[in-house]
Amino acid sequence: MYICLGAMQRGFKAGCRPILGLDGCHLKSAYGGQLLSAVGLDPNNTTYVVAYAMVEMESKDSWDWFLRLLSKDLNITGEGNGFTFISDKQKGLLPACEEVLPLADHRFCVRHLWTNFNKLFPGKVMKDQLWAIAKSTTMAYYWKELVLMKQMDPGAYDWLTGMSTSFWCFLILDETLRTGVELTLATF
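Attention in this report is confined to the structure presented alongside it. Note that the structure is a prediction, hence the values are computed from the model and not measured.

### Some remarks on the environment of F121
Of note, F121 is situated in the loop between helix 4 (110-120) and helix 5 (124-134). Remark: the alpha-carbon pair of F121 and A156, spanning 35 residues in sequence, is separated by 6.7 Å. The contacts of F121, once residues within four sequence positions are left out, are M126, D153, G155, A156 and W159.

This is how it looks when you write it as structure tokens:
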């Protein structure tokens, strides 16, 4: 079952930014299943439910189906160019996004990233440093904060640099530039 009310659809197109949060949750009923949702931000910076669906299970096929219907309802053209999707690494979501909307940006929710990070590197100081890196808006600020993380805990630095920064950091890094600077940091 997929629902995208006409009023919500028109409202999103008329005033919301092209940013959508995608999430799934378990349905705790006799029938089970998953609830998939797409939520935007309205001009007042508050959440705006755009669409939701009830599916058997969270999988690539479920997300593919949901994203195809959503992109049709919102008239997302150009294979998603200009849209950004935020998620917490839902099962099958990344492959479905790459297939249905390959030109859309995809970001991970830093709060969920921090939850996993905190299991390995607990403490407020580490949390604050992760958020400082995630909020970086310039290359200089990004590298300054990343060097501080490496000084605080080389393992945390390795964990963060082991995933693509473009999925979770405000600043999108050019791969060649990132590789060159990492070589410099490795000798630090």
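### Examining the packing of aromatic side chains
All chains considered together, the criterion is met by eight aromatic pairs. A centroid spacing of 6.2 Å and a plane angle of 80° characterise the contact between Y2 and W65, whose relative ring orientation is edge-to-face. Here W65 lies in helix 2 (residues 60-73) and Y2 lies in strand 1 (residues 2-3), a separation of 63 residues in the sequence. Here Y2 falls in the buried class, since its relative accessible area comes to 18%.

### Considerations on the pattern of salt bridges
In the structure shown here, the tally under the stated rule is five salt bridges. Salt-bridge contacts for R68 lead to E99; the nearest nitrogen and oxygen are separated by 3.3 Å. Of this pair, R68 sits in helix 2 while E99 sits in helix 3 (residues 93-100), placing them 31 residues apart in sequence. We classify E99 as partly exposed; its relative accessible area is 44%.

Conventions adopted
Residues numbered from 1 in each chain as written. Predicted model: local features only at pLDDT ≥ 70, side-chain atom pairs only at ≥ 80, totals over all residues. Heavy atoms only, no water. Helix = DSSP H or I, 4+ residues; strand = E, 2+ residues; numbered from the N terminus. Contact = heavy atoms within 4.5 Å. Phe/Tyr/Trp six-rings, centres within 6.5 Å; stacked < 30°, edge-to-face > 60°. Buried < 20%, exposed > 50% of the residue type's maximum accessible area, 1.4 Å probe, protein only. Salt bridge = Lys/Arg side-chain N within 4 Å of Asp/Glu carboxyl O.

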